[in-house]
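For reference, the chains in residue letters:
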Amino acid sequence: MSETTHDGAVALSAPPSPDDGLPAADLARKYGLAVSGARPSLPEYARQLWDRRHFIIAFSRAKMTAQYSQAKLGQVWQVATPLLNASVYFLIFGLLMQQSKGMGIRTYVPFLITGVFVFTFTQSSAMAGVRSIAGNLGLVRALHFPRAALPISFALQQLQQLLLSMGVLFVFLIGFGHMPALSWVLVVPVLTLQFLFNTGLAMALARAGSKTPDLAQLLPFITRTWMYASGVMYSLTDALKNNHAPAWVVDVLSANPAAVYIDLMRWSLIDDHSRIHLPPHVWALAVGWAVLVGLGGFVYFWKAEEQYGRG
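Every chain begins its residue count from 1, and numbering advances along the sequence as written. Under the rules for a predicted model, residues below a pLDDT of 70 receive no local features and side-chain atom pairs below 80 are neither given nor counted, while totals for whole chains, interfaces and linings still include all residues. Excluding hydrogens and water, the side-chain figures rest on all heavy atoms present in the structure.

### Some points on a nonpolar patch on the surface
In step 1: Like-charged residues are merged into a patch within 9 Å and nonpolar side chains (Val, Leu, Ile, Met, Phe, Trp, Tyr) within 5 Å, provided each residue has over 30% relative accessible area and no salt bridge. Here, Shrake-Rupley sampling with a 1.4 Å probe gives the accessible areas, and only protein chains in the shown set may cover a residue. What counts as a salt bridge is simple: a side-chain nitrogen of Lys or Arg found within 4 Å of a carboxyl oxygen of Asp or Glu. Among the surface-exposed residues, Val-88, Leu-91 and Ile-92 lie close enough to one another that they form a single nonpolar patch of about 240 Å² accessible area.
In step 2: The helix and strand labels rest on DSSP assignments: H or I over at least four residues marks a helix, E over at least two residues marks a strand, and numbering proceeds from the N terminus. By secondary structure assignment, the location of Leu-91 is in helix α4 (residues 77–96).
In step 3: For every residue, the accessible area (1.4 Å probe, protein chains only) is compared with the maximum for its type, and the residue is labelled buried under 20%, exposed over 50%, or partly exposed between those bounds. On the basis of relative accessible area, Leu-91 is assigned to the partly exposed category, the value being 46%.

### A closer look at the side chain of Ser-153
In step 1: Within the secondary structure layout, Ser-153 lies in helix α7 (residues 149–175).
In step 2: Here a residue-residue contact requires only that any non-hydrogen atoms of the pair lie within 4.5 Å. Setting aside residues up to four positions removed in sequence, Ser-153 forms contacts with Ile-56, Phe-59 and Ser-60.

### Here we look at the packing of helix α2 (residues 42–51) against helix α13 (residues 282–302)
In step 1: Angles run from 0 to 180 degrees between N-to-C directions of axes, and those axes are lines fitted to C-alpha atoms, restricted for helices to the stretch in contact. Where α2 contacts α13, the two axes come as close as 11 Å, and the packing angle between them is 100°. One element, α2, and the other, α13, form an angle in the roughly perpendicular class. Residues Leu-42, Tyr-45, Ala-46 and Leu-49 of α2 form the contact with α13, whose participating residues are Phe-298, Val-299, Phe-301 and Trp-302.
In step 2: Considered class by class, the residues forming the contact of α2 with α13 number eight nonpolar, no polar and no charged. Here the word oblique covers every angle except those under 35 degrees (roughly parallel), over 145 (roughly antiparallel) and from 65 to 115 (roughly perpendicular). In this classification, Asp, Glu, Lys and Arg are treated as charged, Ala, Val, Leu, Ile, Met, Phe, Trp, Tyr, Cys and Pro as nonpolar, and every other residue, Gly included, as polar.

### Thoughts on the side chain of His-178
In step 1: Mapping His-178 onto the fold places it in the loop between α7 and α8 (187–211).
In step 2: A residue is classified by how much of its surface remains accessible, and His-178, at 0% relative accessible area, is buried.
In step 3: Nitrogen and oxygen atoms within 3.5 Å of one another constitute a polar contact, given that in protein one can donate a hydrogen and the other can accept it, and given that sequence-neighbouring residues count only through two side-chain atoms. For His-178, the side chain forms a polar contact with the main-chain oxygen of Arg-106, separated by 3.0 Å.
In step 4: With residues up to four places along the chain from it excluded, the contact list for His-178 reads Arg-106, Thr-107, Pro-110, Leu-173, Trp-184, Leu-269, Ile-270 and Asp-271.

### With respect to the packing of aromatic side chains
In step 1: Put simply, two rings from Phe, Tyr or Trp (the six-membered ring, in Trp's case) pair if the centres are within 6.5 Å, and we call them stacked under 30 degrees between planes, edge-to-face over 60, tilted for the rest. Enumeration according to the criterion identifies 12 aromatic pairs in this entry.
In step 2: Plain terms: the ring middles of Phe-197 and Trp-226 are 6.5 Å apart, the flat faces sit at 65° to each other, and that makes the pair edge-to-face. With Phe-197 in helix α8 and Trp-226 in helix α9 (residues 215–228), the pair connects residues that are 29 residues apart, well separated along the chain. Each of the two residues, Phe-197 as well as Trp-226, counts as buried.
In step 3: Chaining the aromatic ring pairs together yields one cluster made of Phe-119, Phe-197, Trp-226, Tyr-261 and Trp-289.
In step 4: If you follow Arg-39 out to its NZ or CZ, it ends over the ring of Trp-302, 4.6 Å from the centre.
In step 5: Placement of a positive charge over a ring is assigned whenever Lys NZ or Arg CZ falls within 6 Å of the ring centre and within 35 degrees of the normal to the ring plane. The aromatic ring of Tyr-300 is capped on one face by Arg-207, whose charged end is 4.2 Å from the ring centroid.

### A closer look at the nonpolar core
In step 1: By convention a nonpolar core is built from buried Ala, Val, Leu, Ile, Met, Phe, Trp, Tyr and Cys residues, the set being connected through side-chain atoms within 4.5 Å. Core analysis: the biggest nonpolar cluster contains 76 residues, and Leu-49, Met-233, Met-265, Leu-269 and Phe-301 have the highest contact counts within it.
In step 2: Considering each element in turn, this core owes the most residues, 14 residues, to helix α5 (residues 105–130).
In step 3: Those residues in contact with Phe-301, other than ones at most four positions away along the chain, are Tyr-45, Ile-133, Arg-147, Ala-148, Pro-151, Met-203, Ala-206, Arg-207 and Tyr-308.

Keep in mind these numbers describe shape, not what the thing actually does.
Spelled out as structure tokens, the structure:
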């Protein structure tokens, strides 16, 4: 087919393309194109995270180093902060409110410090997770990587801080007459399960926080309430029974995940087991919470993978 131009020259028109009339989706499929930033399948997403494990570890270490870089005492604050909190709680609950009366100082001080350290691990993971996407939008928008790497790295950072604090906790235990025992080995599975729970919680809050930044302002009030409902400063079971709480309230609060991991850690480390009330099926609860929140948080975060950093 040809046509004549105004100066008499003949121009040939291009033949019709075989792609003319194809819908955009069919055209992309024909040439193997994919949507930029599309969410991968769940197994592929997990594989991508594993491939970036070195980045996750390095990022968590860098964040931990930078956290107190402006303070003169530096990394000492990683241990000093929960110890100072424990000191305040000991003054108020141990001395003024006489929560240590039934245990004695020998048991109550390790009981309190263990509770503070273990709960701080979960509390800090939640607080870091809720800001992990909203607080790193520059990184999210500049680089392509599985976004779950951010809340996971923040949870890993909190684990590293807890491990430093555990050295101080062991000193307190021995100082108050609680010698190393075979039960101390249980610290490893307890921390593993709690880390899985914390990571899932951080991922769920990361997705929620990316859409609702105000959640970061509300979360401290939620975690503070959670702390009082988990028996960090006192024996939760004794306090509820002394106030004639219904049996179902005792069971529900004793089965909350923070209380479960705190009780297991106390039972593993403190030899005065008569003061530590483990809920029935405590290990099943610990595993169940880790699987439910860990896996559920991962899937919940993955479902919004293509939305992070947009808008």
